[in-house]
Amino acid sequence: MISLTDSQKIGMGLTGFGVFFLFFGMILFFDKALLAIGNVLFVAGLAFVIGLERTFRFFFQKHKMKATSFFLGGVFVVLIGWPIIGVVLEIYGFFLLFRGFFPVVIGFIRRIPVLGSILNLPFISAYVDKAGESNTMV
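Numbers given for residues are sequential positions, taken from 1 along each chain in its written order. With pLDDT at 70 or above as the cut-off, local features in this predicted model cover only qualifying residues; side-chain atom pairs require 80 or more to be listed or tallied, and sums for whole chains, interfaces and linings still use all residues. Hydrogens and water are ignored here; the side-chain numbers use all heavy atoms of the structure.

(A) Highlighting the side chain of serine 125. Each helix is a run of DSSP H or I of at least 4 residues and each strand a run of E of at least 2, with the numbering of both proceeding from the N terminus. Within the secondary structure layout, serine 125 lies in helix H8 (residues 122–132). Contacts between residues were defined by any pair of non-hydrogen atoms, one from each residue, lying within 4.5 Å. For serine 125, the contacting residues outside a window of four places in its chain are Arg110, Leu119 and Asn120.

(B) Quick look at the packing of aromatic side chains. Side-chain rings of Phe, Tyr and Trp (the six-membered ring for Trp) are treated as a pair once their centres are within 6.5 Å; stacked means planes under 30 degrees apart, edge-to-face means over 60, and tilted covers the remaining angles. The full count for this structure, using the stated rule, is 13 aromatic pairs. Ring geometry for phenylalanine 94 versus phenylalanine 95: centroids 6.1 Å apart, planes at 75 degrees, classification edge-to-face. Of the residues examined, phenylalanine 94 reaches a relative accessible area of 30% and is grouped as partly exposed. Three or more aromatic residues joined by ring pairs form one cluster here, namely Phe42, Phe58, Phe59, Phe71, Phe94, Phe95, Phe98, Phe101 and Phe102. When a residue's accessible area, from a 1.4 Å probe over protein chains only, is under 20% of the maximum for its type it is buried; when over 50% it is exposed; and in between it is partly exposed.

(C) Spatial organisation of the environment of phenylalanine 59. Considering the arrangement of structural elements, one finds phenylalanine 59 in helix H3 (residues 52–59). For the pair phenylalanine 59 and leucine 72, spaced 13 residues apart in sequence, the C-alpha to C-alpha distance is 9.4 Å. Apart from residues lying up to four places away in sequence, phenylalanine 59 is in contact with Leu46, Lys64, Met65, Thr68, Phe71 and Leu97.

Shown next, in the form of structure tokens:
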């Protein structure tokens, strides 16, 4: 089992609550307050999990500046009160930022008994294979 420091445990909790608030905010017709709380908790949790310096290095790499500007711009747009536009910007930035991790995640999900068999269905497999291809370096 992986041992986590206390700050990483706090970060996992903050990130989990952030994802919960983001999901719940979208379910409740893009509630501004829930989305704003979710954004703040998610980014704070990420900083706690991997550390402040590594978080800045991850977001502000030269080849990730476009993705970072979309993601953080979406967070800012949600905070000023335009939740739908902000969430669209955030999702686009999120996929640009984390696209290097998708092959790893898809490979992991394929090893889970029920989910793996769903991902290997013929009409789903083509899309999952395309999403699992990594054509850029992280």
